[in-house]
Every structure is written in C-alpha cells, then in structure tokens.
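The residues making up each chain are set out below.
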Amino acid sequence: MRKLALSDEILLKVDKAARYIGGEVNSVVKDLSKIDIRFAMCFPDVYEIGMSNLGMMILYNMFNEREDVWCERVFSPWMDLDKIMREEHIPLFALESQEPVKEFDFLGITLGYEMCYTNVLQVLDLSHVSLLAKDRKEDDPIVIGGGACAYNPEPIAEFFDMFYIGEGETVYDALFDAYKANKAAGGSRADFLFAASQIPGIYVPSLYNVTYKEDGTIASFTPAKEGVPEKVCKQLITDVTKDYRAIKAPVVPFIKATQDRVTLEIQRGCIRGCRFCQAGMIYRPTRERNVEDLKASAREMLQNTGHEEISLSSLSSSDYSELKELVNFLIEEFHGNAVNISLPSLRIDAFALDVMSKVQDVKKSSLTFAPEAGSQRLRNVINKGLTEENILHGAGEAFKGGWNQVKLYFMLGLPTETEDDMKGIAHLAQKIAETYYEEVPKEKRNGKVQVNVSTSFFVPKPFTPFQWAGMYREEDFVEKAKVVKSEIRAQLNQRSIRYSWHEPDVTILEGFLARGDRRCSKVILRAYEKGAIYDAWSESFDYNIWKESFAETNTDIDFYTLRERSTDEILPWDFIDAGVTKKFLIHEWEQAKKETVTPNCRQKCSGCGAMRYGGGVCYEGKN
C-alpha cells in the first residue's frame, strides 16, 4: 500500500485533503525498477484548476504511453498546506508515488497565464529546487516550461532550464531520448542542455545573451555558444487525425474540478484572426479532427470516466465544419443517458440556438455574446468579424427561443478607443434589451429580460498585431469603466442591465508580465520573497507587494506597459518563430489603424506564414 506524503493529522487540518492523496481512477502507477525517466508534470495552481487543463491531460497520457517514462502530477498546495509544509519542512511531492519532486529527472511546468508566475517559484521552493537555474546542481530536476506563456518566456527565463515552444506531441520523444543518451554517456547537466538546444522547439535561456540600449530597449539577442540556433521554431502536428494522441481514459478527480467533464478537442487553431487574440495567432493553422474519430473518442472517454458531461473544446466551435453531424450524434447517442453537452465558443446562430435548446434547460441558462467592442468602428479595428446586425439578430432569435438572459463581454482600453466607443457598450446593451420586448409578445415572455454586461481591460500580447500597442494607467482604466457605468444608468432599460468590470491593477501587472524581458525576473522574485502567491486569485492578490517590488528593484513598470513600441524595435520574443511572420503582424497593425477588416482564413488567405506547415485550413480543398 502506498505511504502518503502527508500524515492523517495534516490532512485533517487542510481544506480539500483529496487534492493531495492521488489514487484517482485512471491515474497511472508504474514499477520504478522498469523506469528510465521520472517526469513531474506540474500545473502551478490548485488541483481543481490544473485537473481541468487539456494540455496537461494530453501530455500525461502521451508520456505514460512510453514504457521507460513515468509521468506524475503536481499542483500548487493551497495556502493552508503551504504554511504547514514550510513549518514542518515537508518537500513538495507528486500525487501518484507521493515522492518528492526533487527526486525526479524533469519538472515540467504548464504556463497557461501570467498571473501564475509567483506560484512557479512556490513550486520550486517547496520542491527544494534552487529558484534560479544558474544555481542548480547536477542532481536537480531539469525544469522545463511550456504552454501559451512560453511564447514570451523571458520574464521567467532565469527560473527555467528550458522551454518547449509548440505542441507537445512533436519533439518530447526526441528530448527524452537525448536525456537517456546523455546519461548513458556520463554527460553533465550542461551537456544535456546544449544537446536539447539542438532539438527544434527547445529554448535554453542560459545559451543566449541579451544586451540593452541606453533607452532600455533590447540592443541584441544572440546565441552564447556556437551551434545554438538563432531562432527557436514553434513545433506542431499538421495532421490532427493521424498524429493526434487521443486521451482514452482521463484521470477522474476525487473532488469537483473546475471543468468536471470529459473534454473533446475538436480542432486546433482559429480562422478568425481577431487582432487582440494571442491564441488565434500562435495556434495557426486551423486543423480539424476527423468526426468519426471524435465520435469514437467520446464513447471511450465517457465509458472510462463515468462523467455526465462532455465539452467540445475549440477556440471557435462554430467553425468546425462537421459540428452539426458531431452534435447531432452526441445528442442521439448520450443525451438520453443523462449526459449533458457543453458547447463553448459558439457563434450564436440558428443552428447553435437549436442545439442549445436541446441540451440546456432554457430557464436556467443565459447566452453569452462577446462583441468585445461597443461600436462597429472599433470592432473593425480589432477584426472581430461581428456586426451589430449579427448580434441583435442572434439575441432576437434567442429571445424567441425562450431565453431571457444574455451575458455580454467587452474590452476597454483597446487601441484607437474613443469615448463614443465606450458609450457604445451601453447603447448596444440597451438595443438588446429593447429587442426582447420587440420580438417576444407579452404573453410569451419568460419574465423580464436581463442583460449582464462585463468589461475587462485590454492587455497587448506577444505575436498579435497589437503587440506594439500601449496600455493605460490604472486610474485611466477606472475612468473608462465609469464612462460605461454612467451611460448605462442613462438608458431607458437600465434596470434590465447589470454592469461589472475586472480590477485594473491585475490588468496592469498582467501587461507587465506578458511583454516583459529578462530583467523582469528580479521583480517576480522580489514579489515572491515578499509574500506574493496565488496572484490569479482575487482573495490573495496584493498589488501593494508588487508596487514595493518595482520600487525595490528600480524597475519602471511604465516602460513595459504605457509606451507604444516601434515596429523596428527588437522585442523580447523576436527570437521565437511562432509561425506568423512579423511582416504579417505589422500589416495587420496598420490595417487596424485604418479600421480595415481582414477576411477569415476560409474566405481568403492573408499570407500570415502558417502555410509553411503544410496542413490544415491552408490546404483545404487543394489535395
């Protein structure tokens, strides 16, 4: 019987002890005597969040298919256990074996959002692994990062031995083979890092030098050793039918995860080209999975988990060409068995409404629209590809179908935004409320209409056309929210419209971390030393700690957030080839300023550079 890392006494003291005991259905346990590589797969947030991460599930499944690799899961301990582990010197452990992370060959950390960076340091600290890569010893695990935030790894480069840029199915096997070969040859840690740098998609920060100009911008970013590539190229699988590593038996959590359901990935990438959206750029080209394979996967995963809900995962589900066939199959096959079907990222049209009326309790649900901007002019700037007519028609159809609640998501602080654009948010909400009363006869109304308006603040992200844009100060963001709030109060249907907005201090920090360079690591380290942790959680986020850290490290946050970059400036992530060319991004930045819409990838090729991969939407109908 496994010996748990935590005593019963400790488990009784902490919230949700099931986060830490492992042993769930479908978790993988192997014989250590037959293993060459131990890989600790970490999501630097609580168990419930990490267990909902599809990328982590895919890699866990893929790594454990290798007989010589045992991949185990690690999550950030919540603050109650964090305190106990420090006081009693208990090292962070993996769930399957309950053994210390320090004993593993690799510690792989998924970087899904910037606000988890202090939790990365928490994981290293509790694992008794040196926070700075340069201080690590020969027997320390190789710390590797991956995920969306790895597309600008520089703010956390000092903490990682390497990063993997791209989709995990491609070169991890080569990395593991290189590790085994280096070990067999008696090679050092440095030998392995150099060998890894030769593998496409692997970035080893210690093998690159950065210099800066007097104005603080980057002067040069160059390999520090001969043979290290100047560019690190994103890796992906072009055929998501043939090369896709389908999950057959996902681990079933003991406690309710944030996404407590089977997740079925139907496609990768997005054809839309919204200029603010990083995922829509870095995951190009769009590649669809075969619908028959998806049907088989759905059957298998539901059978192997006992889950009562299946979610279709995609950046834009409506753009999956076989969606109607797949959804109708799921409804016919499973809906009678009390299996719910979740359809995120749908464009609201007649088909979507028909499907949702079949799979949702209309009285309990609300529909979500993401216009992103309050005016058509600004929607053209961001290339949203959605007109007011589309939105009002969709809302009208929904109201006639029985819905009376609508959620609207917008961003404030977008490039070229004016006061009229901000007020347009209130006006659009008013028009949607009016549509309910115009389209639905009094005797058929399901109560009063409710329009919930939510605004977040725009953060420019790497590898988007807006990567050069400036941000606003905290107080400016607050004023923008007040403009919207005031205009909503002036509307005729103000009682039907509720308004909420995200905190601007989190946005400012996210902007700093998203586009930061290697010098930013000292701020992150200082903030962690001063107690910053779980910054993605509002109850534990303390912006004063970060303000003090900026001051104590003499770091000017405005340099990273406020200023608009020149298109000829060397950006911290320019050494990465993410598949979309800088020429294309610059063109889209110019098109945004001209308020010109770029057609989506199925309407017309915009020459972004993704065609080089030789697959997906770029080649539809050409073979």
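Residues numbered from 1 in each chain as written. Predicted model: local features only at pLDDT ≥ 70, side-chain atom pairs only at ≥ 80, totals over all residues. Heavy atoms only, no water.

## A short note on the packing of helix H15 (residues 474-489) against helix H16 (residues 504-514)
The criterion, for reference: Orientation is described by lines fitted to C-alpha atoms, with helices fitted over the stretch in contact, and by angles between N-to-C directions that extend from 0 to 180 degrees. Strands are runs of DSSP state E lasting at least 2 residues, helices are runs of H or I lasting at least 4, and numbering of each runs from the N terminus. Orientation labels follow simple angle bins: below 35 degrees gives roughly parallel, above 145 gives roughly antiparallel, 65 to 115 gives roughly perpendicular, and whatever is left gives oblique. Helix crossings are classified by the rotation of the near helix relative to the far one: an anticlockwise turn of less than a right angle makes the crossing left-handed, while a clockwise turn makes it right-handed. Residues are treated as being in contact if the distance between any of their heavy atoms lies within 4.5 Å. The classification used treats Ala, Val, Leu, Ile, Met, Phe, Trp, Tyr, Cys and Pro as nonpolar, Asp, Glu, Lys and Arg as charged, and all other residues, Gly among them, as polar.
Direction vectors running N to C along H15 and H16 enclose 130 degrees, while the axes themselves pass 9 Å from each other. Between H15 and H16, the interaxial angle falls into the category oblique. Read as a crossing pair, H15 and H16 show a hand that is right-handed. Here Glu474, Phe477 and Val478 of H15 lie close against H16, whose contacting residues are Pro504, Asp505, Thr507 and Ile508. In terms of residue class, the contact of H15 with H16 is built from 4 nonpolar, 1 polar and 2 charged.

## A short note on helix H6 (residues 172-184)
Let me state the cut-off plainly: A helix's residues, less one, multiplied by 1.5 Å, set its expected span. Exposure categories follow from relative accessible area, calculated using a 1.4 Å probe and restricted to protein chains: below 20% of the type maximum is buried, above 50% is exposed, and the middle band is partly exposed. Our arc is simply the arc of the directions from the helix axis toward the C-beta atoms.
Taking 1.5 Å per residue, 13 residues should reach 18 Å; H6 reaches 18 Å between its end C-alpha atoms and fits that length. Where H6 is concerned, the buried positions are Tyr172, Leu175, Phe176, Ala178, Tyr179 and Asn182. Burial along H6 is one-sided: seen end-on, the buried residues are contained in an arc of 160 degrees. Of the residues one or two after H6, Gly186 is the one with positive phi, at around 75 degrees.

## Concerning the pattern of salt bridges
Rules: We define a salt bridge as a contact between a side-chain nitrogen of Lys or Arg and a carboxyl oxygen of Asp or Glu at a distance within 4 Å.
This model, assessed by the stated rule, comprises 55 salt bridges. In this structure, Arg261 and Glu309 form a salt bridge, with 3.1 Å as the shortest nitrogen-oxygen distance. Taken together, the residues span a long stretch of sequence, with Arg261 in the loop between strand S9 (232-233) and strand S10 (262-265) and Glu309 in strand S13 (residues 309-313) at a distance of 48 residues. Note that Glu397 and Lys400 form a salt bridge whose closest N and O atoms lie 3.2 Å from each other. Of this pair, Glu397 and Lys400 are both found in helix H13 (residues 388-400), 3 residues apart, which corresponds to roughly one turn of the helix. One network of salt bridges, in which partners are shared, links Asp36, Arg66, Asp68, Asp173, Asp177 and Lys180.

Functional significance is not addressed by these values, which are geometric in nature.
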